[in-house]
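Coordinates in review
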Amino acid sequence: MPLLPPLDLPPRRLLACALVAAVAAGPAHAGGWETVSASRTYNTIALDSDDTVNPMRGYHRWQNQELVPQAAPALDAFRRYHWRDLESVQGQYTFGAILADLKAAREQGRKYAFRLRMMAGYDDGQLYAPAYLAGNPSCLHGCGFWADSGAASGKTWVPDWNDPFVLARSRALLQALAQAIAASGNGASIAWIDVGLYGQYGEWAMRKSVYANRPAGIEEASTDTRRAIAQMHFEAFPTRQFVMFIPYANRDALRYALLEQTITSKPVGLRADCLAQAGYFRQWTDHADDWRLFSDQWRKAPFVAEFCPFESGQAGPATARAQASEFHISSVGNANFALSKPDNQRWLSLTEPERHDMLMLGREAGYRYSVDSSWVSLTGDGQLTLAATFRNSGNAPAYEPWNVRLEIVDAGGVARWSASVPVAMNSLAGGGVTTSVQSSWRVPALAAGSYALRLVARDARPADGQQRRPLAWVLAERDADGGLTLRNLRSR
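Residues numbered from 1 in each chain as written. Predicted model: local features only at pLDDT ≥ 70, side-chain atom pairs only at ≥ 80, totals over all residues. Heavy atoms only, no water.

1. A closer look at the sheet that holds strand β2 (residues 58-62)
Under the convention used in this document: Between any two strands, pairing holds if DSSP finds at least two bridges. Each helix is a run of H or I in the DSSP string that is no shorter than four residues. Each strand is a run of E no shorter than two, and both are numbered from the N terminus. The angle between two axes is taken between their N-to-C directions and runs from 0 to 180 degrees, where each axis is a line fitted to C-alpha atoms and a helix contributes only its stretch in contact. By definition in these notes, contact holds between two residues if any of their heavy atoms fall within 4.5 Å.
Strand order in the closed barrel made by the eight strands is β2-β3-β4-β7-β8-β9-β10-β11, with parallel pairing throughout. Between one strand axis and the next, the sheet turns through 30 degrees on average, direction left out of account. Pairing between β2 and strand β11 (residues 331-333): three bridges, direction parallel. The partner of His-60 across the bridge, within β11, is Gly-333. Packing of helix α5 (residues 251-260) onto the sheet brings it into contact with β8 (242-245) and β9 (269-275), and relative to β8 it is tilted by some 165 degrees. Packing of helix α10 (residues 352-364) onto the sheet brings it into contact with β2, β10 (303-307) and β11, and relative to β2 it is tilted by some 100 degrees.

2. Points about helix α3 (residues 164-184)
Note the cut-off: To estimate the expected span of a helix, subtract one from its residue number and multiply by 1.5 Å. Nitrogen and oxygen atoms within 3.5 Å of one another constitute a polar contact, given that in protein one can donate a hydrogen and the other can accept it, and given that sequence-neighbouring residues count only through two side-chain atoms.
In this model, α3 (21 residues) spans 30 Å end to end at C-alpha, consistent with the 30 Å of a helix rising 1.5 Å per residue. Each element contacted by the buried residues of α3 is listed here: α2 (96-107), β4 (111-117), β7 (190-194) and α4 (223-236). Capping the start of α3 is the job of one residue whose side-chain oxygen sits 2.8 Å from the backbone nitrogen of Phe-165: Asp-163. Just beyond α3, the residue with positive phi is Gly-185, at close to 80 degrees.

3. Examining the packing of α3 against α4
Definition in use: In this scheme, roughly parallel covers angles under 35 degrees and roughly antiparallel covers those over 145, while 65 to 115 is roughly perpendicular and the rest are oblique. For a crossing to be left-handed, the near helix must be turned anticlockwise from the far one by less than a right angle; the clockwise case is right-handed. Under the grouping applied here, Gly and all other residues not named as nonpolar or charged are polar, the nonpolar ones being Ala, Val, Leu, Ile, Met, Phe, Trp, Tyr, Cys and Pro and the charged ones Asp, Glu, Lys and Arg.
In the contact formed by α3 and α4, the axes pass within 9 Å of each other and the chain directions differ by 20 degrees. Considering the angle they form, α3 stands roughly parallel to α4. Of the two elements, α3 crosses α4, and the hand of that crossing is right-handed. Packed against α3, whose contacting residues are Leu-167, Ser-170, Arg-171, Leu-174, Gln-175 and Ala-178, the element α4 presents Thr-225, Ile-229, Met-232, His-233, Glu-235 and Ala-236 at the interface. A class-by-class count of the residues in the contact of α3 with α4 yields six nonpolar, four polar and two charged.

4. As for the packing of aromatic side chains
Stated precisely, the cut-off is as follows: The aromatic pairing rule takes the rings of Phe, Tyr and Trp, using the six-membered ring of Trp, and pairs them if the centres are within 6.5 Å, calling planes under 30 degrees apart stacked, those over 60 edge-to-face and the rest tilted.
The full count for this structure, using the stated rule, is 22 aromatic pairs. Geometrically, the ring pair formed by Phe-281 and Phe-327 is stacked, given 4.1 Å between the ring centres and 15 degrees between the ring planes. One end of the pair, Phe-281, is in the loop between β9 and α6 (282-285); the other, Phe-327, is in helix α8 (residues 316-327), with 46 residues separating them in the sequence. The interplanar angle of 10 degrees and the centroid separation of 5.6 Å between the aromatic rings of Phe-310 and Phe-337 together place this pair among those described as stacked. Of this pair, Phe-310 sits in the loop between β10 and α8 while Phe-337 sits in the loop between β11 and α9 (343-346), and the two are 27 residues apart along the sequence.

5. Observations concerning the side chain of Glu-364
On the secondary structure map, Glu-364 appears in helix α10. Reaching out from Glu-364, the side chain makes a polar contact with the side chain of Arg-321 at a distance of 2.7 Å. Discounting residues that sit within four places of it in the chain, Glu-364 has contacts with Leu-47, Arg-57, Arg-321 and Asn-395.

6. Describing α4
Keep this limit in mind: Only protein chains enter the accessibility calculation, which uses a 1.4 Å probe; a residue is then buried when its area is under 20% of its type maximum, exposed when over 50%, and partly exposed in between.
Taking 1.5 Å per residue as the helical rise, α4 with its 14 residues ought to reach 20 Å, and the 20 Å between its terminal C-alpha atoms agrees with that figure. Here α4 has its buried residues at Thr-225, Arg-226, Ala-228, Ile-229, Ala-230, Met-232, His-233, Phe-234 and Ala-236. Buried-residue contacts for α4 involve α3, β7, β8 and α5.

7. What about the pattern of salt bridges?
Where we set the bar: By salt bridge we mean one thing: a side-chain nitrogen of Lys or Arg within 4 Å of a carboxyl oxygen of Asp or Glu.
In total, this model carries 35 salt bridges according to the counting rule given. Arg-110 is paired through a salt bridge with Glu-66; the nearest N and O atoms lie 3.3 Å apart. In this pair, Arg-110 is assigned in the loop between α2 and β4 and Glu-66 in the loop between β2 and β3 (76-82), connecting sequence segments 44 residues apart. The exposure class of Arg-110 is buried, given its relative accessible area of 10%. In this structure Glu-66 comes out as partly exposed when scored by relative accessible area, which is 24%. Where Asp-410 meets Arg-416, a salt bridge forms, and the shortest distance between an N and an O atom there is 2.8 Å. Of the residues examined, Asp-410 reaches a relative accessible area of 16% and is grouped as buried. Within this structure, Arg-80, Arg-115, Asp-194, Glu-203, Arg-271 and Glu-306 form a network of salt bridges that share partners.

Written as structure tokens, this is what we have:
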């Protein structure tokens, strides 16, 4: 068996050691493997030309739109739904739209994210909660009220968030949806769920002015109510990934969701609804002690965002790019800008520097995993050793479970042997951090012929048809499926 070079040698010294080891290894054993002892370095794709599309990073499909051009369709899709469209009659649910979108995402090779809303905007005269809820006698004060801000366009229906009946029906909605998704068999195709229902657009923000002339008995949502709305989401979908909106006014609900509750099996991430708005994050940076509680949450759970609408000339792209970098945002909705233009003109309405910032935002957001170098040794009797260095040059880790596999693949593309490489992808937080591993295995005898030795990051979850495709290494040498061929092997 050849002697192995230390992992921390520079590439040239590593190669020299490999050549010496190859000579020491001698001829192959008859009927076994041709001996190998070789090192190799790889080229990480330059950031400004990186077209890699991977899940839960960069841009995701937003409300059926992908306006920033990408090399391939996004691997995550997001939609939002009004409560009134899901339960027109009390207890009678119509989840067809959600289930169809979830099924379509799975069939398209994507995963799917969503949010439910009890409100939309202001002053449009629309009721977004079910019609049976407004004025329902089961509520203490009519379940809500019509606020009049004096706008000519209409009034705003504001739910009575604190009312026990409103909370009970909200909880029933989420439980019924969870049951419907489970029955569909597509639950594993959920990427994340926004903790919604409360606030304008379900985004956990409310204008205080709507309460200026509120009816007697109705108050702004209490701390207990906000916690209860978060809790009912977690109880309905305890094994799914959640993200939580970040308004400073909801810091207690964030503290509960991110630091205190033990319902969810995954840490809860963060959600920003106003990326690209200058000063938006001052609500936290001006309260550094409060932000310190949540500022490292990105290390274990995703930070997802969407744009506050902006037009060309408003510095939105540059602002969004800087915010995503500073706060380690992983995934951004690929739409909701240049709303004054038709859809087919919105991207082109941006200036060249603005388009550059938008492209760079998609390249910089989230993880960028690569392999710096590898050293492979294979003896004639099948003793295989791999030493490799992995790097994450992105701004955040991956949050889904990836299992790095070393595979021996035949000429037909079938893996005839595989083993797990002990590298914890999620522990590589980004910023160019690296980790080196070295492992050995006994490879069984295989039929005579040529094989490829490949390094592939595969979805570690059950093979139920809802697994992600292999993660694409950010390498110039990667294969068409995103994996990496380390070298060719030959069995005699």
